[in-house]
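Geometric and topological summary
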Amino acid sequence: MPVARPEPQEPRVIAHVDMDCFYVQVEQRKNPELRGLPTAVVQYNNWKGGGLIAVSYEARKFGVKRSMRGDEAKKVCPDIQLVQVPVARGKADLNSYRSAGSEVVAILSTKGRCERASIDEVYLDLTDAAKSMLSETPPEVLESIPEEALKSKVLGLNSEDDDREKNVREWLFRRHADYQDKLLACGAIIVARLRVKVLEETKFTCSAGIAHNKMLAKLASAMHKPAQQTVVPSSSVMDLLSSLPVKKMKQLGGKLGCSLQIDLGVNTIGDLLNFSEAKLQECYGINTGYCNISCLSSHYSSNFSTWLWKIARGTSGEEVEDRLLPKSHGCGKTFPGPKALKTTASVRSWLNQLCEELSERIQFDLDQNKRVAHTLTLHTNAYKENGVDSQRKFPSKSCPLRYGTAKIQDDAMKLFDSALHDFLSSQNIRWGITSLSISASKISEIPSGTCSILKFFRGENSSSMSSDNSDVLIPESISKSPKNDAGLENEGCMAATQSDNVDQPACQEKENENHSNQTVQDKANPAQGIGASQKKLKEKEPYSILKFFPGSESSSTRKRAFGDLNQDHLERNQTEQQEGPSEGCDDATARSNQTAQQHEIWNFNVEDVDPSVIDELPLEIQREVRGWLHSATKRTNMTKRGSSIAHYFSPVKKT
């Protein structure tokens, strides 16, 4: 439901750039022989020649439309060139078009705030750039004006071909124009330069609308195509909207537009001027109005009425979001008519393919842009055979997103099972699935300074991951540790690699010395050396996350969690109080005491640990931390009865 937003205090310069039959242009760049020929891009299926998803302007002259199929288009235009969209996993693969769109966005975003609205359209906020140009190099002092700027269509200006460029030049150079029009003139020149740069660097043409808000810029960009731009001065806004059909306005093309036509009897945006804001509020209040508007709060109803009142007057406070990347990732597949999926196995097969594509895309987004998606959503269209409860829709389901193809596939199938159960309402009837789509949303950037947990695992160095994503990574599995020359995994308490600037454990020197002695023995007796190494490997304790923090002193010490260290220190103090300090304490004992004191920083109270914090950790870490807490709780109960295991046995009688 659209809502009204506060209008800015100062005038803005907003542009909407729309690529011309973009998919066709991408295919023409791949195959230059198609340029100038009637061309269309068709879906991957061959039924009746495939559905047209993009039509070149050369083909449109013959009456070819996107609603046609390939066979019908050939009847209208026998020379049309039909190019099939790339296919992957049994469905259309749009990656080449997304990449091409990113090339365009990279150019357009150099002049102001940029919002990528779709694969082939962008909003630009050029206010700052236009103000800077107006103060430093206004149009009237420029030595040359881009030809594309002189070809602009300025609404309200005489557009006869003979005098159009002359009239546009005069409009751009007006010294006594109001401030808003001067900013628009600068914006028109900036957009013209950007469009020329896009053409030179990508070979793509685009059209644009330049106005004071997003709504008007969007309308203007579609008025003169291809490869043209339209400017909407404030004085021409009402003329533009007065005859504009209601359904041509963004967000009024569906049921909401139909409601306006039926309830209010309006056919154009100009017709809305006959209704006051109070009257619109009365028509679209809490208990009356469009579809299920009765379920909306009075706040949204009032806001919607205000939005209607404002768009009828050409005002909109919607801002251009600074977003070069999509807000979500999604992929879907339709199964019309006899292709409907009717078994759980067939649904699982297609969901696995969709999830595989989605996993690749969110992982690429993570690697390249350091962004993480948090929500997985399944949308499905379905029907029940024999028309039973035909009004009931298949519910959409969401859950937290877990990275990794297998995890996404498993979660998506669970979402489907849950939604199917709700859809059938325990009825034992047959069903059919006509579309499946899976999406990843609630995408956010990873906070700066976030590090990969892989850095704390031994054998993982900077060479095992790219420099771009070494600081942020959500792995599906942990990389295997490197092996030594004997084919065995490196032993000892190795922490992070030197490239991570993590101090090596104090026991490393001793273990290196032992390793050197062992190596000499191995060389003297290879078979015995390998056997001993294998035995040592089997006896090696399991990995713990504590191993990968600096300050771990020994293998046995690392095995004990926070509470163990403090318990040992307590027992040692009790012993010293009873027996007194040992005389002739050597350096090793001193170092041990010093290490125990250092480990006192790990002291914690089990009751102070928030379980919700643990739930946010990776599953493997959750298990270990809960193990620590369980051990600490158990030790607390045992301490009440005695400080050592000897308290549970009867004294041994001396013979």
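All figures in this text were calculated on a predicted structure; none of them were measured in a lab. (Residues numbered from 1 in each chain as written. Predicted model: local features only at pLDDT ≥ 70, side-chain atom pairs only at ≥ 80, totals over all residues. Heavy atoms only, no water.)

1. Describing the overall build of the chain
Definition in use: In this description a helix means any DSSP run of H or I spanning at least four residues, a strand means any run of E spanning at least two, and both kinds are numbered starting from the N terminus. Throughout, exposure labels follow a simple rule: accessible area from a 1.4 Å probe, protein chains only, divided by the maximum for the residue type, with under 20% read as buried, over 50% as exposed, and the rest as partly exposed. The contact criterion used throughout is that any non-hydrogen atoms of two residues lie within 4.5 Å. Note on areas: Shrake-Rupley with a 1.4 Å probe; residue coverage comes only from the protein chains shown.
Per the secondary structure count, the chain includes 22 helices and 17 strands. Considering the chain as a whole, with its 655 residues, one finds that 41% of them fall into the buried category. Long-range pairs, those at least 24 residues apart, make up 66% of the contacts in the chain between residues at least 6 apart in sequence. In the form shown here, the chain has an accessible surface area of approximately 36,700 Å², with 50% of it arising from carbon and sulfur atoms.

2. A closer look at the packing of aromatic side chains
Selection criterion: Ring pairs are drawn from Phe, Tyr and Trp, using the six-membered ring of Trp, whenever the two centres fall within 6.5 Å, and their geometry is named by plane angle: stacked under 30 degrees, edge-to-face over 60, tilted for the rest. In our convention, an over-ring charge means Lys NZ or Arg CZ found within 6 Å of a ring centre and within 35 degrees of that ring's normal.
Enumeration over the complete set of coordinates arrives at 7 aromatic pairs. Between Phe304 and Trp307 the ring centres are 6.2 Å apart and the planes differ by 20°, which places this aromatic pair in the stacked class. In this pair, Phe304 and Trp307 are both assigned in helix 13 (residues 298-311), 3 residues apart and thus about one turn of the helix distant. You can call Trp307 buried: its relative accessible area is 10%. Positioned over the ring face of Phe423 is Lys384, at 4.8 Å from the centre of the ring.

3. Quick look at helix 9 (residues 214-221)
Selection rule: Any pair of nitrogen or oxygen atoms within 3.5 Å is treated as a polar contact; in protein, a donor-acceptor pairing is required on top of that, and neighbouring residues in sequence qualify only through side-chain atoms on both sides.
Across the 8 residues of helix 9, 7 count as buried, placing the element largely inside the fold. Regarding helix 9, its N-cap is Asn213, as a side-chain oxygen of that residue lies 3.2 Å from the backbone nitrogen of Met215 further along.

4. With respect to the nonpolar core
Where a protein is soluble and globular, its nonpolar side chains tend to be buried together. Applied cut-off: Nonpolar cores were defined as sets of buried Ala, Val, Leu, Ile, Met, Phe, Trp, Tyr and Cys residues, with membership established by side-chain atoms within 4.5 Å. Where each domain begins and ends follows an automated or database-derived domain assignment.
Counting residues in hydrophobic clusters, the biggest one holds 51 residues, and the most contacted among them are Leu108, Leu124, Leu172 and Phe204. For this core, the element with the most residues is helix 8 (residues 179-202), which contributes 11 residues. Mapping this core onto the domain boundaries places at least three of its residues in each of domain 1 (21-87) and domain 2 (99-313). Once residues lying within four places of it in the same chain are set aside, the contact partners of Leu172 are Pro139, Ile145, Ala149, Leu150, Ala185 and Ala188. Phe335, Leu378, Ile408 and Trp431 belong to the second largest nonpolar core, which has 35 residues in total.

5. Points about the pattern of salt bridges
Between side chains of opposite charge, a pair can form when the charged atoms approach closely. Note the threshold: Definition used for salt bridges: Asp or Glu carboxyl oxygen within 4 Å of a side-chain nitrogen of Lys or Arg.
In the structure shown here, the tally under the stated rule is 24 salt bridges. Here Lys214 makes a salt bridge to Glu318, at a shortest N to O gap of 3.2 Å. Highlighted residues: Lys214 in helix 9 and Glu318 in the loop between helix 13 and strand 12 (329-334), separated in sequence by 104 residues. A relative accessible area of 28% places Glu318 in the partly exposed class. Across the salt bridge formed by Asp410 and Arg402, the nearest N and O atoms sit 3.9 Å from each other. With a relative accessible area of 36%, Arg402 lands in the partly exposed category.

6. Some words on the environment of Ser396
Relative to the assigned elements, Ser396 resides in the loop between strand 14 (375-384) and strand 15 (397-400). Taking the relative accessible area as the measure of exposure, Ser396 reaches 41% and is therefore partly exposed. When neighbours within four sequence positions are excluded, Ser396 is seen to be in contact with Leu378 and His379. Only 2.8 Å separates the side chain of Ser396 from the side chain of His379, close enough to count as a polar contact.

7. Focus on the side chain of Asp181
Tracing the chain through its elements places Asp181 in helix 8. Not counting the four nearest positions on each side in its chain, Asp181 is found in contact with Trp171, Arg174, Pro233 and Ser234.

8. A short note on the state of the cysteines
This is how it is decided: For this text, the term disulfide refers to a pair of cysteine sulfurs within 2.5 Å.
Per the stated rule, a full pass over the model turns up 0 disulfides. The closest cysteine sulfur to the non-disulfide-bonded Cys355 is located on Cys331, 7.2 Å from its own sulfur.

9. A word on the sheet that holds strand 7 (residues 113-118)
Applicable threshold: Pairs of strands are assigned from DSSP output, requiring at least two bridges between the strands. For helices, the axis comes from a line fit to the C-alpha atoms of the stretch in contact; other axes are also lines fit to C-alpha atoms, and the angle between any two N-to-C directions lies between 0 and 180 degrees.
Spatial ordering of the open sheet is given by 7-8-1-10-11-9, a layout of 6 strands whose pairing is mixed. A single partner strand is all that each edge strand has here, and the edge strands are strand 7 and strand 9 (153-154). With 6 bridges connecting them, strand 1 (residues 14-19) and strand 10 (residues 206-211) associate as antiparallel partners. Following the sheet pairing, Val17 is matched in strand 10 by Ala208. Of the strands in this sheet, strand 1, strand 7 and strand 8 (121-125) touch helix 4 (residues 95-108), which is tilted by about 160° from strand 7.

10. Digging into the sheet that holds strand 16 (residues 431-441)
As summarised here, the arrangement of the 4 strands in space is 12-16-14-15, forming an open sheet in which the pairing is antiparallel. Edge positions in the sheet fall to strand 12 and strand 15, since each of these pairs with one other strand and no more. Within the sheet, the average angular offset between the axes of one strand and its neighbour, ignoring direction, is 15°. Both strand 12 and strand 16 contribute to a ladder of 6 bridges, which runs antiparallel. Across the sheet, residue Gly332 finds its bridge partner in strand 16, namely Ser437. This element, helix 15 (residues 405-424), spans strand 14, strand 15 and strand 16 of the sheet and lies at about 40° to strand 14.

11. Examining helix 11 (residues 255-263)
Each full turn of the α-helix corresponds to 3.6 residues, which orients residues three or four apart in the same direction. Formally: Arc, as used here, means the arc of the directions from the helix axis to the C-beta atoms.
All buried positions along helix 11 are accounted for by Leu256, Gly257, Ser259 and Leu260. Buried residues of helix 11, seen end-on, are gathered within an arc of 155° and therefore sit on one face of the element. Exposed residues lying more than 90 degrees from the buried face of helix 11 are Lys255 and Ile262. Gly265, located one to two residues past helix 11, shows a positive phi value of around 70°.

12. What to know about unusual backbone geometry
Residue Pro226 is reached from Lys225 by a cis peptide bond, and omega for that bond is 0°. Positioned with a positive phi, Lys370 is a non-glycine residue whose angle comes to about 55°. Residue position: Lys370 is located in the loop between helix 14 (344-369) and strand 13 (371-372). Judged by its relative accessible area of 27%, Lys370 is partly exposed. For Lys442, which is not glycine, the phi dihedral falls at a positive 50°. Locating Lys442 in the fold gives a position in the loop between strand 16 and strand 17 (444-445).

13. A short note on the confidence of the model for the chain
Our working rule: Per residue, pLDDT captures the predictor's confidence, and it can take any value from 0 to 100.
Residue-level pLDDT values for the chain average 77, and 66% of them are 70 or greater. Every residue in residues 475-541 is under pLDDT 50, and counting partners more than four places away or in other chains gives 75 contacts. When the criterion is pLDDT under 50, residues 551-566 qualifies, and its contacts beyond four places in sequence or with other chains add up to 38 contacts.

14. Things to note about the side chain of Thr375
If you trace the backbone, Thr375 turns up in strand 14. Thr375 sits in the buried class, given a relative accessible area of 13%. Apart from residues lying up to four places away in sequence, Thr375 is in contact with Ser398, Cys399, Leu401, Ser439, Ala440, Ser441 and Lys442.

15. Observations concerning the packing of helix 5 (residues 127-136) against helix 8
Just so we agree on the cut-off: Any angle that falls under 35 degrees is termed roughly parallel, while one over 145 is termed roughly antiparallel, one within 65 to 115 roughly perpendicular, and all others oblique. For this classification, Asp, Glu, Lys and Arg are treated as charged, while Ala, Val, Leu, Ile, Met, Phe, Trp, Tyr, Cys and Pro are nonpolar and the rest, including Gly, are polar.
Between helix 5 and helix 8, the least distance of the axes is 9 Å, while the angle of their chain directions is 105°. Comparing the axis directions of helix 5 and helix 8 gives the class roughly perpendicular. Taking contact as the criterion, the partners of Ala129, Ala130, Lys131, Met133 and Leu134 in helix 5 are, on helix 8, Tyr179, Lys182, Leu183, Cys186, Gly187, Ile189 and Ile190. By residue class, the composition of the contact of helix 5 with helix 8 is 9 nonpolar, 1 polar and 2 charged.

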